[in-house]
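Single-letter residue listing:
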Amino acid sequence: MMKRRVLSSGAVMAPVPAVMVSCGREGETPNIITIAWTGIVNSNPPMTYISVRKERFSHDIIADTKEFVINLTTEELAFATDWCGVKSGRDFDKFREQKLTPVTSEKVSCPSIGESPLSIECRVTEVKELGSHDMFLAEIVSMTAREELMDENGELHLEKAGLMAYSHGHYFPVSSREIGRFGYSVMKPKTRKKYEAAKRARRRRGSRIRAGKR
């Protein structure tokens, strides 16, 4: 058995999403805050959360409006994602500074980020004070995705987006190479054979697409 070392407790979980959360109050410049403490907490209704330090500029905006948009990020958005995490909306118009496009959301009043592959519109249902952070529990009320990530059957393919993740202070690309899908460990041989054939076909299509771009 591999040796293990005991560490002191800390806020470590990896990888986690590095998302840009957009928010805003009517009549004010909308803001973006970079968040790593987020995830899905319920399926029906679909619910998520973000944890925000009380001193952050976006905290009071979200507390007042009870709305925000989680915008997934990509390798191409890495610089903007980091910049929006270290600069304050008190001092900068982050959309303008990073040349990001504010897009009218479907069901919330704050804008989504047009360059994001997937924007998740949220309404806060509860605020939990945890200590250094307040956790905003929220219901997902709408989502919008970049058109090029949708196939002819209306299925979303986020593996084509070039997503990135955050791990212990660093940003890393999320590989598009599929390891398996949910339930593949218990597939019947016939089903596994079809699955593997479909996976090889997707790889071939991806290779042809990449070759066409070069």
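The sections below set out a description of the structure shown in this document. Source: prediction; values computed, not measured.

It is worth spelling out the nonpolar core at this point. Within the largest apolar cluster, 22 residues are counted, with the highest numbers of intra-cluster contacts made by Val21, Ile50, Ile62, Phe68 and Ile70. No other element matches strand 9 (residues 118-129), which puts 4 residues into this core. Excluding residues within four positions of it along the chain, Ile70 makes contact with Val19, Met20, Val21, Thr38, Thr48, Tyr49, Ile50, Leu118, Ser119, Ile120 and Cys122.

With that out of the way, let us pick up helix 1 (residues 57-65). Every buried residue of helix 1 is listed here: Ser58, His59, Ile61 and Ile62. Those residues of helix 1 hidden inside the fold are in contact with strand 2 (19-23), strand 3 (31-35), strand 5 (47-53), strand 6 (67-71), strand 9 and strand 10 (133-145). Directly after helix 1, the chain includes Lys66, whose backbone phi takes a positive value near 60°.

Another aspect to go through is unusual backbone geometry. Note that the residue after Ala14, namely Pro15, is joined by a cis bond; omega there is -10°. Here Pro15 shows up in the segment before strand 1 (16-17). Residue Pro45 follows Asn44 across a cis peptide bond; omega there is 0°. Relative to the helices and strands, Pro45 resides in the loop between strand 4 (38-42) and strand 5. Its identity as a non-glycine residue notwithstanding, His168 has a phi of 50°, on the positive side. Topologically, His168 is positioned in the loop between strand 11 (164-167) and strand 12 (170-173).

It is worth spelling out the pattern of salt bridges at this point. Going through the model one piece at a time under the given rule, you end up with 6 salt bridges. With a shortest N-O distance of 2.8 Å, Lys54 and Asp134 are connected by a salt bridge. Pair noted here: Lys54 is in the loop between strand 5 and helix 1 and Asp134 is in strand 10, with a separation of 80 residues, a long-range link. Judged by its relative accessible area of 34%, Lys54 is partly exposed. Among the salt bridges present, the one from Glu148 reaches Arg146, with a minimum N-O distance of 3.0 Å. Given the relative accessible area of 32%, Arg146 is considered partly exposed. One salt-bridge network, held together by shared partners, links Arg25, Glu28 and Asp64.

So, on to the sheet that holds strand 1. Here we have 3 strands laid out as an open sheet, ordered 1-11-12, and antiparallel in their pairing. Each edge of the open sheet carries a strand with a single partner, namely strand 1 and strand 12. As defined by bridge partners, strand 1 adjoins strand 11 across 2 bridges and the pair is classed as antiparallel. Within strand 11, the residue paired with Pro17 across the bridge is Ala165.

About the thresholds
- Residues numbered from 1 in each chain as written.
- Predicted model: local features only at pLDDT ≥ 70, side-chain atom pairs only at ≥ 80, totals over all residues.
- Heavy atoms only, no water.
- Core = buried A, V, L, I, M, F, W, Y, C linked by side-chain atoms within 4.5 Å.
- Buried < 20%, exposed > 50% of the residue type's maximum accessible area, 1.4 Å probe, protein only.
- Helix = DSSP H or I, 4+ residues; strand = E, 2+ residues; numbered from the N terminus.
- Contact = heavy atoms within 4.5 Å.
- Salt bridge = Lys/Arg side-chain N within 4 Å of Asp/Glu carboxyl O.
- Pairing = 2+ DSSP bridges.

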